[in-house]
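Now for the letters of each chain:
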Amino acid sequence: MSIRKLVVLAGGLGGSRCVDALAQAAGSEAVTVVGNVGDDLDFLGLHVSPDLDTVLYTLAGLLDEDRGWGVRDETYNALQTAKALGEETWFTLGDRDIGLHLARTRLLGAGSTLSDVMTRLAAGLGVRVRILPATDDPLRTKIETAVGELDFQEWFVGHRHADPVRGVRYEGADAARPAAGVIEAIDEADLVLIAPSNPYVSVFPILAVSGIRDALRPKRVAALSPLVGGKALRGPLAEMMTSLGHEPSARGVAGLYGDLIDVFVIDPEDEELAVNIRGAVVCPIVMVEPERRAEVGRKLLEALA
Ligand code: FO1
């Protein structure tokens, strides 16, 4: 089967690297991203969409690859001024990044939807992959911990994701509708790929939007394991799985997706788990170095075709 149109459900750094790999292998026009907005926040009066922006900056070649978020070669003059004026600065926004948030916040205030804004920002940065938020409606991930329920970024950045997670909730999901174009893109796709992102805080907030899970049912859906050798390349997934009572392994993640997926791609390092995973495909999935991504993307498409 040839894969001409692909939808990627993506959040965070793992998601953006995967989108980059597939766009290099299949061509930018072949790929539509349906991105997580559960970790969006309003900070210093600006609307920040970290997961969508990580995808955008990665594809534009602007991402700070070492840090995994924000723009490389940043400066922080605006934030320092805000700090000197007594404003909150626990969430680090660089000057260039702030420029993007200023544009987004103004456009949203003038009545544009987040999906319209993302189309405009992508065009402005020369990105040809279509980046859609899962929803234009408010949806926020909430993390339940021993110290109470925290907003996602309060837990992730403010508390350095140190508090063990007791539960995760997607506030607003019941009322949230898919953004314009999301269901159509899924309907037209030859394959829907769930990126190697954290299921709880990147993928489930997308699937929580009414209509998206149902749209996936007739499709061929493949997921890439976000854990290799039981460890996430970045982020707290393994710890979250343990604290939520699941085995922190590729097999554990496949179990979380259950019969939503037809194929589960694991890294050769986890080959011995394949016999116990329904629809397991073994293929290299580590795509940290930008120069290796085209090859990883090509092998992945070959394995999934
Ligand atoms: N992550 C941090 O660990 N500390 C930060 O101060 C921080 C700021 C930030 C600003 C813009 C942006 O797009 C991302 C930012 N991130 C920061 C990353 C972000 O919290 C996470 O990448 C995601 O939300 C989790 O996928």
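In the block above lies the structure referred to throughout.
Residues numbered from 1 in each chain as written. Predicted model: local features only at pLDDT ≥ 70, side-chain atom pairs only at ≥ 80, totals over all residues. Heavy atoms only, no water.

1. Looking at the packing of helix α4 (residues 95-109) against helix α5 (residues 114-124)
Right, on to step 1. Between α4 and α5, whose axes approach to 10 Å, the crossing angle comes to 140°. By the criterion of interaxial angle, the relationship of α4 to α5 is oblique. The handedness of the crossing between α4 and α5 is right-handed. Contact residues: α4 offers Leu100, Ala103, Arg104, Arg106, Leu107 and Leu108, while α5 offers Leu114, Val117, Met118, Arg120 and Leu121. (Axes fitted to C-alpha atoms, helices over the stretch in contact; angles between N-to-C directions. Helix = DSSP H or I, 4+ residues; strand = E, 2+ residues; numbered from the N terminus. Parallel < 35°, antiparallel > 145°, perpendicular 65-115°, else oblique. Left-handed = near helix turned anticlockwise from the far one by under 90°. Contact = heavy atoms within 4.5 Å.)

2. Some remarks on the environment of proline 218
Right, on to step 1. With respect to the helices, strands and loops of the structure, proline 218 is situated in the loop between α9 (212-216) and β10 (221-224).
Right, on to step 2. For proline 218, a relative accessible area of 69% puts it in the exposed group.
Right, on to step 3. Each C-alpha atom of the pair proline 218 and lysine 299 lies 25 Å from the other, and the pair is 81 residues apart in sequence. (Buried < 20%, exposed > 50% of the residue type's maximum accessible area, 1.4 Å probe, protein only.)

3. Points about the site of the ligand
Right, on to step 1. Residues in close proximity to the ligand total 13 residues, the closest being Asp39, Asp51, Phe91, Thr92 and Gln153.
Right, on to step 2. One of the side-chain N or O atoms of aspartate 51 is found 2.9 Å from an oxygen atom in the ligand.
Right, on to step 3. Here tryptophan 69 contributes a side-chain N or O atom positioned 3.3 Å from a nitrogen atom of the ligand.
Right, on to step 4. Surface burial for the ligand is 88%, taken as the share of its 530 Å² of free accessible area covered by protein chains.
Right, on to step 5. Secondary structure elements with two or more residues in the shell around the ligand: α2 (50-59) and α6 (152-158).
Right, on to step 6. Examining the composition of the shell around the ligand, we find that four residues originate from one element, α6, more than from any other.
Right, on to step 7. By residue class, the composition of the shell around the ligand is seven nonpolar, three polar and three charged. (Near = heavy atom within 4 Å. Polar contact = N/O pair within 3.5 Å; in protein donor to acceptor, adjacent residues only side chain to side chain. Areas by Shrake-Rupley, 256 points an atom, 1.4 Å probe, with all protein chains shown as cover. Nonpolar A, V, L, I, M, F, W, Y, C, P; charged D, E, K, R; others polar.)

4. With respect to the pattern of salt bridges
Right, on to step 1. The full count for this structure, using the stated rule, is 16 salt bridges.
Right, on to step 2. In this structure, arginine 104 engages aspartate 53 in a salt bridge whose closest nitrogen and oxygen atoms are separated by 2.6 Å. With arginine 104 in helix α4 and aspartate 53 in helix α2, this pair connects stretches of sequence that are 51 residues apart. For the residue pair arginine 104 and aspartate 53, the accessibility class agrees, reading buried in each case.
Right, on to step 3. In this structure, the salt-bridge partner of aspartate 73 is arginine 72, at a minimum N-O distance of 4.0 Å. (Salt bridge = Lys/Arg side-chain N within 4 Å of Asp/Glu carboxyl O.)

5. Focus: the sheet that holds strand β7 (residues 148-151)
Right, on to step 1. Within the open sheet, the three strands sit side by side as β7-β6-β8. Their pairing is antiparallel. Bordering the open sheet on either side are β7 and β8 (167-171), each of which pairs with just one other strand. Between one strand axis and the next, the sheet turns through 30° on average, direction left out of account.
Right, on to step 2. Pairing analysis gives five bridges linking strand β6 (residues 140-145) to β8, with the strands arranged antiparallel. Bridge pairing in β8 places isoleucine 143 opposite valine 168.
Right, on to step 3. Taken strand by strand, helix α8 (residues 199-207) contacts β6 and β8, and its axis lies near 35° from that of β8. (Pairing = 2+ DSSP bridges.)

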